[in-house]
Amino acid sequence: MRTARLRTVHPVLWAGWAALAAGAVLCVLGWYGVSGERFAERQLPYLASCTVPGAALIVAGAVLLTHGRGALAAARVEELHGLLVAAGPADAEESGTAVTAPLAASGELRMVPGGTLLHRADCPLVAGKEEAVPVDAKLLAGGELGPCPICEPAEETD
């Protein structure tokens, strides 16, 4: 499933590469022409007809490539979003609302030594980790630990 926007990005990328190549060729031709002339007044036509337009084409090609890459990334994000929306939630009820179970429901609080977050014991961030230790009352009362944004143990500590 390719979006129409994704199909329109590729010509912009090709145009950017073509402009870069043409600009490089013109700059090489201008340099070659200038290097063969001894006097500055005889070098000016090469600068005006080859080097300056070549540099402009290089800049234009770089702008087209940058725009094309950004548009390509945006088109891919839109395509992925469309796929996610089409898939829908896996365990949604018939009414269309999804039932979300809490990630962690344990009453025991844990922390990682040196960490700044307070976790439930069955939080996915500390579950199964040997270094996770129970929280002592002094740290809990001191307010040094903030609640984990995943398991949200704040309502039990208040």
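The rules we used
- Sequence order as written defines residue numbering, which begins from 1 separately in each chain.
- pLDDT decides what is reported in this predicted model: residues at 70 or higher carry local features, side-chain atom pairs at 80 or more are listed and counted, and totals for whole chains, interfaces and linings draw on all residues regardless.
- Note that the side-chain values use all heavy atoms of the structure and ignore hydrogens as well as water.
- The helix and strand labels rest on DSSP assignments: H or I over at least four residues marks a helix, E over at least two residues marks a strand, and numbering proceeds from the N terminus.
- Throughout, exposure labels follow a simple rule: accessible area from a 1.4 Å probe, protein chains only, divided by the maximum for the residue type, with under 20% read as buried, over 50% as exposed, and the rest as partly exposed.
- Contacts are assigned to residue pairs that have any heavy atoms within 4.5 Å of one another.
- Areas reported here follow the Shrake-Rupley algorithm with a probe of radius 1.4 Å; residue values treat only the protein chains shown as occluding.
- When a carboxyl oxygen of Asp or Glu is within 4 Å of a side-chain nitrogen of Lys or Arg, the pair counts as a salt bridge.
- Between any two strands, pairing holds if DSSP finds at least two bridges.
- The definition of a polar contact used here is a pair of N or O atoms within 3.5 Å, where within protein one atom must be able to donate a hydrogen and the other to accept one, and adjacent residues in sequence count solely through side-chain atom pairs.
- pLDDT measures the predictor's confidence residue by residue and takes values from 0 up to 100.
- Two cysteine sulfurs form what is called a disulfide whenever their separation falls within 2.5 Å.

Undergrad: What am I meant to see in the overall build of the chain here?
TA: Regarding its fold elements, the chain presents four helices and four strands. Ordered by position from N to C terminus, the α and β elements of the chain give α-α-β-β-β-α-β-α. In the chain, which comprises 158 residues, the share counted as buried stands at 23%. By sequence separation, contacts in the chain at least 24 residues apart represent 62% of the contacts at least 6 residues apart. Carbon and sulfur atoms form 65% of the exposed surface of the chain, whose accessible area is close to 10,700 Å².

Undergrad: Honestly, the pattern of salt bridges in this entry has me stumped. Any pointers?
TA: Any two side chains of opposite charge can pair, on the condition that their charged atoms come close. Considering all chains together, one arrives at two salt bridges under this definition. Across the pair R110 and E108 runs a salt bridge whose closest N-O atoms are separated by 3.1 Å.

Undergrad: What should I look at first to understand the sheet that holds strand β1 (residues 109–111) in this one?
TA: The strands that make up a sheet are held in pairs by hydrogen bonds between backbone atoms, and each pair lies either parallel or antiparallel. Spatially, the four strands line up as an open sheet ordered β3-β1-β2-β4, and their pairing is mixed. Of all the strands in the sheet, the pair left with one neighbour each is β3 (133–134) and β4 (146–147). As defined by bridge partners, strand β2 (residues 117–120) adjoins β4 across two bridges and the pair is classed as parallel. Its bridge partner lying in β4, L118 is registered against P147.

Undergrad: Which parts of the structure should I look at to understand the side chain of Q43?
TA: Mapped onto the fold, Q43 is located in helix α2 (residues 40–87). Separated by 3.5 Å, the side chain of Q43 and the backbone oxygen of V34 make a polar contact. Look past the residues within four positions of Q43 in its chain and what remains in contact with it is V34, E37 and R38.

Undergrad: What is the right way to look at the environment of V28 in this model?
TA: Following the sequence through the fold, V28 ends up in helix α1 (residues 4–35). For V28, a relative accessible area of 53% translates into the label exposed. Along the primary structure V28 and G54 are separated by 26 residues, whereas in three dimensions their C-alpha atoms are 8.6 Å apart.

Undergrad: Where do I start with the confidence of the model for the chain in this structure?
TA: In low-pLDDT segments, the atomic positions of the prediction should not be examined closely. Put simply, the chain has an average pLDDT of 78, and 78% of its residues get 70 or more. The secondary structure element of the chain with the lowest average pLDDT is helix α4 (residues 154–157), at 53, and the one with the highest is β3, at 86.

Undergrad: Looking at this structure, how should I read the state of the cysteines?
TA: What the rule picks out here adds up to zero disulfides. Among the cysteines around C50, which has no disulfide bond, C27 carries the closest sulfur, lying 8.8 Å off. Between C151, a free cysteine, and C123, which holds the nearest cysteine sulfur, the sulfur-to-sulfur gap is 3.6 Å.

Undergrad: It is not clear to me how the side chain of R120 should be interpreted in this structure. Could you clarify?
TA: With respect to the helices and strands, R120 occurs in strand β2. Using a relative accessible area of 6% as the deciding quantity, one classes R120 as buried.

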